[in-house]
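Topology and contacts: notes
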Amino acid sequence: MVQIPEQPAPSLPAQRSVPTSADVARVAGVSRATVSYVLNNTGAVRISEPTRRRVHQAARDLGYVPHAAARSLRAGHSRMVLMPAPTVPAGPLYSQFFNELQWALSRLDYTVVQYGSVGLQGDEAARAWAELRPVAVLVPGSGLGPQGVAVLKRSGARAVVTLGPERVEGAHALLMDHSIVGRCAGGHLLAQGRRRVGVVMPEDPELELFSKPRLEGVRQALHGQDATVTEVPLAYEEEAAAQLAKGWGSLGLDAVFAYNDEYAMLLMRALKDEGVRVPDDTAVIGADDLMLGRLLRPRLSTVHIELPSGQELAELVDRAVRAAGAVPETHEVLGATVVHRAST
């Protein structure tokens, strides 16, 4: 029998110890309290600029970052602002808005976390958000109810802000009434002498939150006029647009509000392929005022949508966090203006 000698277990590489604020204090030659004041950007204590630079340099050299959870325990709340990812397709306009908001909140010493809550809705989603103990939650769209707001507040959220068409009890509300977009588009087409107006309705059910109010806005603009409004269902696909364009003549439309610029560009290309002249045969207007719309020929008329600035919203969040017991604020924040170009 051959005996195989036991081999010693391979030694694991030694783990480097995690740097602490005490290490930063030692390298910078200051107290731990000074390190805390500097790295937490505390304005209540005056720290000289050379000392601040020395502390920041020591932290960089050591690879030290403050422990968010520990800081939250000391403060009694986090500095996290949670923003659930939208459940509807997010275009360039929303992306720009989110970037501005994140920058503005970071200047106020908040950290924005975007939460992907796929499969979770309403109050169930609120319970998942509450597990992260955010100090504030910004909820786009609809679905959150008063019970969800209560769950978030019981978990320590000092501010819950909704961005949507309706106010939710207990939450600050930034009301976004998209019917104004349709009213602008419909009023513009009416002023251009168009009377048989189509309104593109995306077949994506998640976009109904925006498409239905925009349709209603067009109807409001044309109400009492010698004009008709026709719903035009359309999937965001080249084949669907091509099929729609083939039967365009049977619709009898002299204008169309195409929901937004992306649907407008899709439809305009298909109409051109079928020999439908824009705007001679059919005027086309979109919404969002995307750069690509200016590059089309003819250039695309559009509704420029005005969202709240990231700075304004960040200040509302900060104000709500600081005065957690204050009466929730309500603001109507969606504006719209027509940009007239060659397609109408």
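See above for the structure.
Description of the structure in this document. (Residues numbered from 1 in each chain as written. Predicted model: local features only at pLDDT ≥ 70, side-chain atom pairs only at ≥ 80, totals over all residues. Heavy atoms only, no water.)

Adjacent strands of a sheet pair through backbone hydrogen bonds, lying either parallel or antiparallel. Strand order in this open sheet of six strands is β7-β6-β8-β9-β10-β12, and the pairing throughout is mixed. Each edge of the open sheet is held by one strand with a lone partner, namely β7 (228-234) and β12 (335-339). On average, adjacent strands in this sheet sit at an angle of 20 degrees to one another, irrespective of strand direction. Sheet topology places strand β10 (residues 301-306) next to β12; five bridges connect them, and they run antiparallel. The residue bridging Glu306 from the neighbouring strand is Gly335, located in β12. Each of β6 (196-202), β7, β8 (255-257), β9 (283-287) and β10 touches helix α9 (residues 208-222); the most contacted strand, β6, lies at about 170 degrees to it. Where helix α12 (residues 261-273) meets the sheet, it contacts β6, β7, β8, β9 and β10, and its direction lies at approximately 155 degrees from that of β9. (Pairing = 2+ DSSP bridges. Helix = DSSP H or I, 4+ residues; strand = E, 2+ residues; numbered from the N terminus. Axes fitted to C-alpha atoms, helices over the stretch in contact; angles between N-to-C directions. Contact = heavy atoms within 4.5 Å.)

On to the sheet that holds strand β4 (residues 159-164), then. With respect to topology, six strands assemble into an open sheet ordered β2-β1-β3-β4-β5-β11, the strand pairing being parallel. Two strands in the sheet have a free side with no partner beyond their single neighbour: β2 (111-115) and β11 (330-332). Between one strand and the next, the sheet's axes are offset by a mean angle of 15 degrees, whatever the strand orientation. In terms of strand pairing, strand β1 (residues 80-84) meets β2 through five bridges, oriented parallel. Residue pairing for β2: Pro84 is matched across the bridge by Tyr115. Taken strand by strand, helix α5 (residues 92-107) contacts β1, β2, β3 (136-140) and β4, and its axis lies near 170 degrees from that of β1.

Before going further, it helps to examine the pattern of salt bridges. Under the criterion given, the structure shown has twelve salt bridges. Note that Asp289 and Arg294 form a salt bridge whose closest N and O atoms lie 3.8 Å from each other. Accessibility expressed as a relative area gives 13% for Asp289, which makes it buried. Here Arg322 makes a salt bridge to Asp318, at a shortest N to O gap of 2.9 Å. Here Arg322 and its partner Asp318 are both found in helix α14 (residues 310-322), four residues apart, which amounts to about one turn of the helix. (Salt bridge = Lys/Arg side-chain N within 4 Å of Asp/Glu carboxyl O. Buried < 20%, exposed > 50% of the residue type's maximum accessible area, 1.4 Å probe, protein only.)

Along the chain, the position of His188 falls in helix α8 (residues 179-191). Note on His188: relative accessible area 9%, which makes it buried. Apart from residues no more than four positions distant in its own chain, His188 is found in contact with Ile285, Ser301, Val338, His340 and Thr344.

Our focus in this paragraph is the pairing of β6. Each regular strand displays side chains that alternate between the two surfaces of the sheet. Among the seven residues of β6, six are classified as buried, and the element is accordingly described as predominantly covered. Sheet topology note: the β6/β7 ladder contains seven bridges and is parallel. When the sheet's bridge partners are listed, Val197 is paired in β7 with Val229. Taken together, β6, α9 and β7 constitute a β-α-β crossover, and its handedness is right-handed. Alignment of β6 against β8, held across three bridges, turns out to be parallel. Paired with Val199 across the strands is Phe257, a residue of β8. (Right-handed = clockwise from strand over helix to strand, strands pointing away.)

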